[in-house]
Amino acid sequence: MPAGIEARVAELLQPYAGRPSELIQALHRVQGVLGHLPLEVQKAVARVLGVPPSQVHEVVTFYHFFRTQPVGKHVIRLCLGTACYVRGAGRVLDALREELGVDLGGTSADGLFTLEGVRCLGACGLAPVMMVDEEVYGRLTPGRARDILRGLRRG
Ligand code: FES
């Protein structure tokens, strides 16, 4: 493990050192600063908190809000919940996949977009819905979803 990462994680997790019950909070803190939680970071977290690395890995892979891969500049969360799905989220997903050249969980080659699927964004009345970063976009069509991405690309 690179010494720099180990030291950085130890520094970030000083308040949680030796406190296994704080694992989730500790992971949030590290991800908030480093952006994602690759294996070497998970091992460093395990060492600082005093929990088995396998337990850290289980938690990271169980919760959808933890990431093991770097994310793009913009994170797209497309709702694949029932209300959105019956109103065409599948076709929107196809358009986003094609536009970005990635599948769910992937980041576009230009590093601009990460595409994620979520269960429900709590805006079912606007179905189908996606969020890009903190912005909510409702009543999507495949064409509108593409236009939104193109607009963001242009900055
Ligand atoms: S099912 Fe999509 S916002 Fe609720």
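Reading the values: rules and limits
Residues numbered from 1 in each chain as written. Predicted model: local features only at pLDDT ≥ 70, side-chain atom pairs only at ≥ 80, totals over all residues. Helix = DSSP H or I, 4+ residues; strand = E, 2+ residues; numbered from the N terminus. Buried ≥ 20, exposed ≤ 12 C-beta atoms within 10 Å, placed from the backbone. Contact = placed C-beta atoms within 7 Å. Pairing = 2+ DSSP bridges. Axes fitted to C-alpha atoms, helices over the stretch in contact; angles between N-to-C directions. Core = buried A, V, L, I, M, F, W, Y, C linked by C-beta atoms within 7 Å. Left-handed = near helix turned anticlockwise from the far one by under 90°. Nonpolar A, V, L, I, M, F, W, Y, C, P; charged D, E, K, R; others polar. Domains from an automatic or database assignment. pLDDT = per-residue confidence, 0-100.

A. How the structure looks around the overall build of the chain. The helix and strand inventory of the chain stands at seven helices and four strands. Taken along the three principal axes of its C-alpha coordinates, the chain extends 50 × 30 × 20 Å. When burial is assessed residue by residue, the chain has 23% of its 155 residues classed as buried. Counting contacts in the chain only where the partners sit at least 6 residues apart, residues at least 24 apart contribute 61% of the total.

B. Spotlight on the pairing of strand S1 (residues 74-79). Of the pairings in the sheet, the one linking S1 to strand S2 (residues 113-118) comprises six bridges and is parallel in character. When the sheet's bridge partners are listed, Leu78 is paired in S2 with Gly117. Across three bridges, the pairing between S1 and strand S3 (residues 130-132) is antiparallel. The residue of S3 that forms the bridge with Arg77 is Met131.

C. Highlighting the sheet that holds strand S4 (residues 135-137). The strand order S2-S1-S3-S4 describes an open sheet built from four strands, whose pairing is mixed. Strands at the two margins of the open sheet, each flanked by one partner only, are S2 and S4. If you compare each strand with its neighbour and ignore which way they point, the axes differ by 20 degrees on average. Most of the contacts of helix H6 (residues 89-100) go to S1, to which it runs at about 155 degrees, and overall it touches S1 and S2. Contacts between helix H7 (residues 142-154) and the sheet are confined to S1, S2, S3 and S4, with S3 contributing the most and set at about 5 degrees to the helix.

D. Highlighting the nonpolar core. Grouped together as the largest cluster of nonpolar side chains are 18 residues, with contacts concentrated most on Leu78, Cys79, Val92, Leu96, Val129 and Met130. Those elements that provide at least two residues to this core are S1, H6, S2 and H7. In terms of nonpolar packing, the next biggest core, distinct from the first, is built from 14 residues, Ala26, Val30, Val45 and Val56 among them.

E. How the structure looks around the packing of H6 against H7. Orientation of H6 relative to H7, taken along the N-to-C sense of each, is 35 degrees, at an axis distance of 8 Å. Between H6 and H7 the crossing geometry is right-handed. On H7, the residues that touch Arg91, Val92, Asp94, Ala95, Leu96 and Glu99 of H6 are Pro142, Ala145, Arg146 and Leu149. Residues belonging to the contact of H6 with H7 are distributed by class as follows: six nonpolar, no polar and four charged.

F. Region of the structure containing the domain arrangement of the chain. Domain parsing of the chain yields domain 1 (3-62) and domain 2 (74-154). Relative placement of domain 1 and domain 2: their C-alpha centres are 30 Å apart.

G. Main features of the confidence of the model for the chain. On average, residues of the chain score 94 in pLDDT, and 98% of them are at 70 or above. For the chain, per-element mean pLDDT is lowest for helix H1 (residues 3-12), which scores 92, and highest for helix H5 (residues 82-86), which scores 98.

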